[in-house]
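Structural overview for review
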Amino acid sequence: MTTQRRAEISGAGFAGLVAATALAQRGWSVRVHEKNAELRTEGAGIVLWENSLKVIEALGALPDLFANSMTPPFYETRSNNVSVSAEPIEGFRWRTMTRAHLYGTLLTAAREAGVEVVANSKVTAATGDGTITFDGGEQAQADLIIGADGVGSAVRDSMGFSFSRERSRDGITRFLVPRRKAELLELEPDTEWDNVIDFWNSEPRTLRVLYVPANDDELYIALMSPAADADGSRVPIDLDLWTSIFPQLAPVLRDAANTPGRYYGYQTTRLDRWTSDRVAVVGDAAHAMCPALAQGAGCAMVNAYTLAEAADVASSAELAGALETWERLERPFTDRCQDRSQRFADTRSMALGNQFVGENNETSLYDITDSHRHDLAGQHA
Ligand SMILES: Cc1cc2nc3c(=O)[nH]c(=O)nc-3n(C[C@H](O)[C@H](O)[C@H](O)COP(=O)(O)OP(=O)(O)OC[C@H]3O[C@@H](n4cnc5c(N)ncnc54)[C@H](O)[C@@H]3O)c2cc1C
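Residues numbered from 1 in each chain as written. Predicted model: local features only at pLDDT ≥ 70, side-chain atom pairs only at ≥ 80, totals over all residues. Heavy atoms only, no water.

**A short note on the overall build of the chain**
Quick note on the threshold: Working definition: helices are DSSP H or I runs of at least four residues, strands are E runs of at least two. Numbering for both runs from the N terminus. The globule rule is 2.2 Å times the number of residues to the power 0.38, and the radius of gyration it is compared with is taken over C-alpha atoms. For every residue, the accessible area (1.4 Å probe, protein chains only) is compared with the maximum for its type, and the residue is labelled buried under 20%, exposed over 50%, or partly exposed between those bounds. For the area figures, the Shrake-Rupley method with a 1.4 Å probe applies, and any residue is considered shielded solely by the protein chains shown.
The helix and strand tally for the chain stands at twelve helices and 18 strands. Scaling as 2.2 N^0.38, a compact globule of 381 residues should have a C-alpha radius of gyration of about 21 Å, and the chain matches this with 21 Å. Reported as C-alpha extents along the three principal axes, the dimensions of the chain are approximately 70 × 45 × 40 Å. Burial analysis of the chain (381 residues in total) assigns 57% to the buried set. About 15,300 Å² of surface is accessible on the chain, with carbon and sulfur atoms providing 48% of the total.

Laid out in structure tokens, this is it:
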């Protein structure tokens, strides 16, 4: 007879829920601690690619996800309102949706797998022997502790994992608004308003609207401006400014002006290590990245899933070594995605279009079901 192994996870975000579900489906007893009173995600919409869709498929949750998400016909890029590319994204799946829908899908999968998700439960520390400490001072013991607690990770910091942080010069405010397709068509009848459209503007100032249909009714728009541009980064948004640059988006910008939001400056964090003894960090706690390639959550889910797999096949005595091996094999792919995303953010070269080609697709194509996937590790570096 084997005793059931136990995992304690800090953070009920995308990474925490995926790791929890994958472990519970393998027979582990799993508790996820969320510091907030409400189980929900920040932000508005999200784009997922083949790599994370494979993870959700492996968890058995793809039908739920597909029930209220879509694949737009093209990923179009405009520069100063001239269309520079319309990419059909061939060869791998991609999907747009609201964050609430993705979160609900993962939370349901976790609960169905028997995961206990505890709200109002703030983790303050972890130690390598498998002890987790909560806000009130109480402690619990586990075979595995996962820090999936985002950019401000308490698990990471209490373990003394050191890291560098590179902040981007631009930031984004995200909104979920009604589609208003008929009104947009009236303004621009020739535009395919089901496309993702990345509207870049460089003259007279740098402003960008990423237009992402999330389903039949809801539109995700992300408004990007340099942090140094006080008017561009103001929330509520400066409606006159944004409509003067993007007049064809006036109906949805008006909705955005009446929707609460937060200007969010993004960052790249690189840790000296992701694991120590019985503790691993994953997701933004380990590898926050600029959203240029829309892969932060994708990498978080891939790494959370492969972490669970690696922990499960190791015996208790082998666990620390198995976590180190997991980091060694998986990390180079995430490192390269971080580098590319940072480069795109630094150069703003996504405004040139045609970005879903060649090595930029390495992350999207990463296949957790392919046992030979590590053979190429390092070759793109
Ligand atoms: C503008 C923008 C657009 C993006 N677009 C995309 C996209 O299209 N596609 C994509 O793949 N990625 C995208 N990302 C990245 C993605 O949002 C993140 O990488 C992803 O949400 C990280 O998930 P996570 O679970 O690691 O962390 P989080 O989502 O931050 O979750 C961490 C959770 O832990 C909880 N927590 C924190 N501290 C504690 C504690 N001490 N105790 C207990 N709980 C705690 C938090 O409350 C939170 O619920 C985008 C990011 C930005 C900023």
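**Description of the packing of helix 10 (residues 296-313) against helix 11 (residues 319-347)**
Applicable threshold: For helices, the fitted line uses only the C-alpha atoms of the stretch in contact; every axis is such a line through C-alpha atoms, and the angle between N-to-C directions lies from 0 to 180 degrees. Any angle that falls under 35 degrees is termed roughly parallel, while one over 145 is termed roughly antiparallel, one within 65 to 115 roughly perpendicular, and all others oblique. Note on convention: near helix rotated counterclockwise from far helix by under a right angle means a left-handed crossing. Clockwise means right-handed. We call two residues in contact whenever any of their non-hydrogen atoms come within 4.5 Å of each other. For this classification, Asp, Glu, Lys and Arg are treated as charged, while Ala, Val, Leu, Ile, Met, Phe, Trp, Tyr, Cys and Pro are nonpolar and the rest, including Gly, are polar.
Across the interface, helix 10 lies against helix 11 with an axial gap of 9 Å and an inter-helix angle of 160 degrees. Classified by the angle between their axes, helix 10 and helix 11 sit roughly antiparallel to one another. In terms of crossing hand, the pair formed by helix 10 and helix 11 is right-handed. Between helix 10 and helix 11, the residues in contact are C299, N303, T306, L307, A310 and A311 and L319, A322, L323, W326, E330, T334 and C337, respectively. A per-class count over the contact of helix 10 with helix 11 returns nine nonpolar, three polar and one charged.

**Some remarks on the sheet that holds strand 13 (residues 196-201)**
Threshold: We call two strands paired when DSSP finds no fewer than two bridges between them.
Strands sit in the order 5-4-13-14-15-12-16 across an open sheet of seven strands; the sheet is mixed. Among the strands making up the open sheet, the edge pair consists of strand 5 (82-87) and strand 16 (263-271). Neighbour-to-neighbour, the strand axes of this sheet turn through a mean angle of 20 degrees, independent of strand direction. The sheet contact formed by strand 12 (residues 163-178) and strand 15 (residues 218-226) spans nine bridges and is antiparallel. Looking at the pairing, L176 lines up with Y220 of strand 15. The sheet strands contacting helix 8 (residues 250-257) are strand 12 and strand 15, and the helix crosses strand 12 at an angle near 110 degrees.

**Some remarks on the layout of surface pockets**
Formally: Think of a 1 Å grid over just the protein atoms. A cavity is a set of points where a 1.4 Å probe fits yet cannot get out, a pocket is an open set with protein on both sides within 12 Å along at least five of seven lines, and lining residues have an atom within 4 Å of a point. Grid points are joined across faces, edges and corners, and a volume is the space filled by probe spheres set on the points.
Reported here for the second largest pocket is a volume of approximately 240 Å³. For the lining of the second largest pocket, the element with the highest residue contribution is strand 12, accounting for three residues. Residues of the lining of the second largest pocket, tallied by class, amount to five nonpolar, four polar and four charged.

**Section: the site of the ligand**
Threshold: We define proximity as follows: a residue is near a molecule or strand when any one of its heavy atoms falls within 4 Å of that partner. Pairs of N or O atoms within 3.5 Å make up the polar contacts considered here, provided that, within protein, one atom can donate a hydrogen while the other can accept it, and that residues adjacent in sequence are counted only when both atoms are side-chain atoms.
Residues in close proximity to the ligand total 31 residues, the closest being E34, V47, R99, V123 and D284. Take H33: an N or O atom from its main chain is 3.5 Å from a nitrogen atom of the ligand. Within the side chain of D284, an N or O atom sits 2.8 Å from an oxygen atom of the ligand. Every element with two or more residues in the shell around the ligand is listed here: helix 1 (14-25), strand 3 (45-49), strand 12 and helix 10. By residue number, the principal contributor to the shell around the ligand is helix 10, which donates three residues. Here the shell around the ligand is built from residues that sort into 13 nonpolar, eleven polar and seven charged.

**Some words on helix 10**
So the rule is basically this: A helix is expected to span 1.5 Å for every residue after the first.
If you check helix 10, its first and last C-alpha atoms are 26 Å apart, about what 18 residues at 1.5 Å a residue would give, namely 26 Å. Of all 18 residues making up helix 10, 15 are buried, and the element is well covered by its neighbours.

**So, the pattern of salt bridges**
Heads up, the rule is: Salt bridges are identified by distance alone: a Lys or Arg side-chain nitrogen within 4 Å of an Asp or Glu carboxyl oxygen.
Taken as a whole and assessed by the stated rule, the structure comprises 30 salt bridges. Among the ionic pairs, R205 bridges to D229, the shortest N-O distance being 2.9 Å. One end of the pair, R205, is in the loop between strand 13 and strand 14 (207-213); the other, D229, is in the loop between strand 15 and helix 7 (239-245), with 24 residues separating them in the sequence. In this structure, R373 engages E330 in a salt bridge whose closest nitrogen and oxygen atoms are separated by 2.9 Å. Placement of R373 in the segment after helix 12 (362-365) and of E330 in helix 11 is noted, with a sequence separation of 43 residues between them. Overlapping salt bridges, with partners in common, bring together E50, K54, E57, R93 and D367 in one network.

**Focus: the packing of helix 1 against helix 10**
Running from amino to carboxyl end, helix 1 crosses helix 10 at an angle of 25 degrees, the nearest separation of the two axes being 8 Å. Here helix 10 runs roughly parallel to helix 1, going by the angle between their axes. Crossing handedness for the pair helix 1 and helix 10: right-handed. Residues F14, A15, V18, A19, A22 and L23 of helix 1 form the contact with helix 10, whose own contacting residues are A297, A300, M301, A304, Y305 and A308. Within the contact of helix 1 with helix 10, the residues separate by chemical class into twelve nonpolar, no polar and no charged.

**Re the sheet that holds strand 9 (residues 131-134)**
Taken in spatial order, the three strands of this open sheet run 8-9-10, and their pairing is antiparallel. On the outer flanks of this sheet lie strand 8 (123-127) and strand 10 (139-141), each paired with one strand and no other. Each strand of the sheet is rotated relative to its neighbour by a mean of 20 degrees, with strand direction disregarded. Summarising the sheet, strand 9 and strand 10 pair through three bridges and their orientation is antiparallel. For I132, the partnering residue across the bridge sits in strand 10 and is A140.

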